[in-house]
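# Topology and contacts: notes
Okay, here's what each chain looks like letter by letter:
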Amino acid sequence: MDFKFTEEQLAVKDAARDFAQNVLKPGVIERDIHAKFPAEEIKQLGQLGFFGMMVDPKYGGGGMDTVSYVLAMEEISKVDASTSVCMSVNNSLYNWGIERFGTEEQKESYLRPVAEGQAIGAFCLSEPEAGSDATSQRTTAEDKGDYYLLNGTKNWITNGSSASFYLVMCQTDKEKGHRGINCLIVEKGMEGFIVGEKEDKMGIRGSDTHTLIFNDVKVPKKNRIGEEGFGFKFAMQVLGGGRIGIASQALGIASGALELAIQYSKERQTFGKEIHKHQAIAFKLADMATQVEAARLMTLKAAHMKDQGLEFTAQASMAKLFASQIAQSVTTEAVQIHGGYGYVREYHVERLMRDAKITQIYEGTSEIQKIVISREILKD
């Protein structure tokens, strides 16, 4: 692995940092307080090409590599994790899934608008009784010949009300278990499709998280991804790439908190000197920097392996597991270094600490990641 980034990768990183610092940061506290979705900022980010980064240019994307995506995700997540999770779902889950497994018609109709920044996508797997257990889908799709009749409920859906297109996992044949699961592309506005109330969350409060309800929604057969019964395999493969996105988000939250802690330690004085000159603070910063760098290397390795066409399942889960853990510890230490100021909104670190927790929950909890990792390392 080459540890020197290309000029193109560095340009993407710089562009993402510039957008985060100059466009996202000025209103991020206010959006967090009022749980306001950053609609205008999201629109600008899409127009800059950050929602179709890895999509082939022939479908309106940027044709970039996964390493560039990680670099951009880190910079956006340093400032606004509510925006970066929208970016992550579009790139890692929605776009990648349709580009790799969709038909040409599906790519033109449902991939291109999102890749070009004209629309937003959503990935709908979790249910009230089927979160990490993807095999226990209660949402059903009854085969009616040239269409499916979709019924059920999906929970915790990012981009729930702002998306135009939704990848919905559903059970078509319960007797076949996971082989009877399909993924259907559902359009906003289809009759019987209802968006529930927005969730009032502890962190990523600006993220557009909703329950979705499907009451006899007619979905054309041409909107099915892959062959009959391919849905479970589709979800598992897409989630593997999605974990790189979440690792990148956790990394960004942690590195953002570290940057703020370093800056504050050079400004705040106690006992006649800047607090970073006290060994207790210096050692905290050293530990935080080491953890962030380790998470960065693990995430970049998973991204590099994906770009090389290598099997990256274990590496993505390791990166997601470790980065989400250190996001919690680093943000907590950043609050501690800020003292009382760390407990108020103005200094940003308390929000980063709240945002960090979600990275341990979505795309599979820490325990789920350990199951994935152990299965991979124990293969014959």
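Throughout what follows, the structure given in this document is the object of discussion. (Residues numbered from 1 in each chain as written. Predicted model: local features only at pLDDT ≥ 70, side-chain atom pairs only at ≥ 80, totals over all residues. Heavy atoms only, no water.)

### With respect to the overall build of the protein chain
Convention followed: A run of DSSP states H or I qualifies as a helix once it reaches four residues; a run of E qualifies as a strand once it reaches two. Both are numbered from the N-terminal end. Within these notes, the globule rule equals 2.2 Å times the number of residues to the 0.38 power, and the radius of gyration is based on C-alpha atoms. Throughout, exposure labels follow a simple rule: accessible area from a 1.4 Å probe, protein chains only, divided by the maximum for the residue type, with under 20% read as buried, over 50% as exposed, and the rest as partly exposed. Whether two residues are in contact is decided by their heavy atoms: any pair within 4.5 Å suffices. For the area figures, the Shrake-Rupley method with a 1.4 Å probe applies, and any residue is considered shielded solely by the protein chains shown. Under the counting rule used here, the positive set is Lys and Arg, the negative set is Asp and Glu, and His together with the chain ends is not counted. One atom stands in for each charge, and that atom is NZ of Lys, CZ of Arg, CG of Asp or CD of Glu.
Within the protein chain, the secondary structure is distributed over 10 helices and 9 strands. Relative to its length of 380 residues, the protein chain is compact, with a C-alpha radius of gyration of 21 Å against a globular reference of 21 Å. When the 380 residues of the protein chain are sorted by exposure, 54% land in the buried category. Taking as baseline every contact in the protein chain between residues at least 6 positions apart, the subset at least 24 positions apart corresponds to 74%. When the accessible surface of the protein chain is split by element, carbon and sulfur atoms take 51% of a total near 16,600 Å². Side-chain charges of the protein chain comprise 44 positive and 51 negative groups, with the mean position of each set lying 3 Å from the other.

### Focus: empty space enclosed by the protein
Put simply, the test is: Here a cavity denotes grid points, spaced 1 Å and computed from the protein atoms alone, that fit a 1.4 Å probe unable to get out, and a pocket denotes an open set having protein on both sides within 12 Å along at least 5 of 7 lines; residues with an atom within 4 Å of a point are the lining. Grid points are joined across faces, edges and corners, and a volume is the space filled by probe spheres set on the points. Three classes are used: nonpolar for Ala, Val, Leu, Ile, Met, Phe, Trp, Tyr, Cys and Pro, charged for Asp, Glu, Lys and Arg, and polar for all others, with Gly counted as polar.
Counted according to the given criterion, the structure contains 2 cavities of 30 Å³ or more. Within this model, the largest cavity holds a volume of roughly 70 Å³. Around the largest cavity, the lining residues are Val28, Arg31, Asp32, Lys36, Pro38, Asp80, Ser82, Arg205, Gly206, Arg351 and Asp355. Among the elements of the structure, helix 1 (7–34) and helix 9 (349–358) are those that each provide at least two residues to the lining of the largest cavity. The element best represented in the lining of the largest cavity is helix 1, accounting for 3 residues. Among the residues forming the lining of the largest cavity, the class breakdown is 2 nonpolar, 2 polar and 7 charged. Met54, Thr66, Asn91, Ser92, Trp96, Gly241 and Lys306 are the residues that line the second largest cavity. When residues of the lining of the second largest cavity are assigned to their parent elements, the largest contribution, 3 residues, is made by helix 4 (residues 81–101). Its residues assigned to classes, the lining of the second largest cavity shows 2 nonpolar, 4 polar and 1 charged.

### Let's talk about the packing of aromatic side chains
Here is the rule: Each aromatic pair joins two rings of Phe, Tyr and Trp (for Trp, the six-membered one) with centres within 6.5 Å, and gets the label stacked for planes under 30 degrees apart, edge-to-face for over 60, and tilted for any other angle. In this scheme, Lys NZ or Arg CZ marks a charge over a ring once it lies within 6 Å of the ring centre and within 35 degrees of the ring normal.
Scanning the entire structure with this criterion turns up 10 aromatic pairs. Ring geometry for Phe230 versus Phe234: centroids 6.4 Å apart, planes at 55 degrees, classification tilted. Each member of the pair Phe230 and Phe234 is classed as buried. A connected cluster of aromatic rings, assembled from ring pairs, spans Trp96, Phe101, Phe230 and Phe234. Note that Lys221 overlies the ring of Tyr148, its terminal NZ or CZ placed 5.3 Å from the centroid.

### A few points about the packing of helix 8 (residues 313–338) against helix 9
Condition: Note on definitions: angles span 0 to 180 degrees between N-to-C directions of axes, and those axes are lines fitted to C-alpha atoms, for helices only across the stretch in contact. Every angle not falling under 35 degrees, over 145, or within 65 to 115 is termed oblique; those three ranges are roughly parallel, roughly antiparallel and roughly perpendicular. Rotating anticlockwise by less than a right angle from the far helix to the near helix defines a left-handed crossing, while the corresponding clockwise rotation defines a right-handed one.
The interhelical angle for the contact between helix 8 and helix 9, taken along N-to-C directions, is 160 degrees, at an axis separation of 9 Å. In terms of orientation, helix 8 lies roughly antiparallel with respect to helix 9. Considering how the two elements wind past one another, helix 8 and helix 9 form a crossing that is left-handed. Residue-level contacts link Ala327, Gln328, Thr331, Thr332, Ala334, Val335 and His338 of helix 8 to Val349, Glu350, Leu352, Met353, Ala356 and Lys357 of helix 9. For the contact of helix 8 with helix 9, the per-class residue count stands at 7 nonpolar, 4 polar and 2 charged.

### So, the pairing of strand 4 (residues 165–171)
Applied cut-off: The pairing criterion for strands is at least two bridges between them, as found by DSSP.
Counted residue by residue, strand 4 has 7 buried out of 7 residues, so it is predominantly covered. Along strand 4, one buried face is formed by Phe165, Leu167, Met169 and Gln171 and the opposite face, lined by Tyr166, Val168 and Cys170, is buried too. When strand 1 (residues 121–124) meets strand 4, the two strands line up parallel, connected through 4 bridges. Opposite Ala122, over in strand 4, you have Tyr166 as the bridge partner. As paired elements, strand 4 and strand 5 (residues 181–187) share 7 bridges and run antiparallel to each other. Each bridged residue has a counterpart across the sheet, and for Val168 the counterpart in strand 5 is Leu184.

### Re the side chain of Gln9
Examined against the element boundaries, Gln9 turns out to sit in helix 1. When its relative accessible area of 9% is taken as the criterion, Gln9 is described as buried.

### Notes on helix 1
This is how it is decided: A helix is expected to span 1.5 Å multiplied by its residue count minus one. Fitting one axis to the seven residues ending at a residue and another to the seven starting there, the bend at that residue is the angle between the two axes.
The terminal C-alpha atoms of helix 1, which comprises 28 residues, lie 39 Å apart, in line with the 40 Å expected from a rise of 1.5 Å per residue. Largest kink in helix 1: about 55 degrees, centred on Leu24, with the proline Pro26 one to four residues after it. Looking only at helix 1, the buried set comprises Gln9, Val12, Ala16, Phe19, Ala20, Leu24, Val28, Arg31 and Asp32. Close packing links the buried residues of helix 1 with helix 2 (39–47), helix 3 (66–79), helix 4 and helix 9.

### Here's the deal with the pattern of salt bridges
Short version of the rule: Definition used for salt bridges: Asp or Glu carboxyl oxygen within 4 Å of a side-chain nitrogen of Lys or Arg.
The final tally for this structure, using the stated rule, is 24 salt bridges. Taking the shortest distance from any N to any O, the salt bridge between Glu104 and Lys107 comes out at 3.7 Å. One end of the pair is Glu104 and the other is Lys107, both in helix 5 (residues 104–115) and 3 residues apart, which spans about a single turn. For Glu104, a relative accessible area of 46% gives the class partly exposed. Given a relative accessible area of 10%, Lys107 falls into the buried group. With its nearest N and O atoms 3.5 Å apart, the salt bridge here joins Glu105 to Lys222. Placement of Glu105 in helix 5 and of Lys222 in the loop between strand 7 (209–220) and helix 6 (231–267) is noted, with a sequence separation of 117 residues between them. Residue classification places Glu105 among the partly exposed positions, given a relative accessible area of 46%. Connected through shared salt-bridge partners, Lys13, Arg17, Glu75, Lys78 and Glu259 make up one network.

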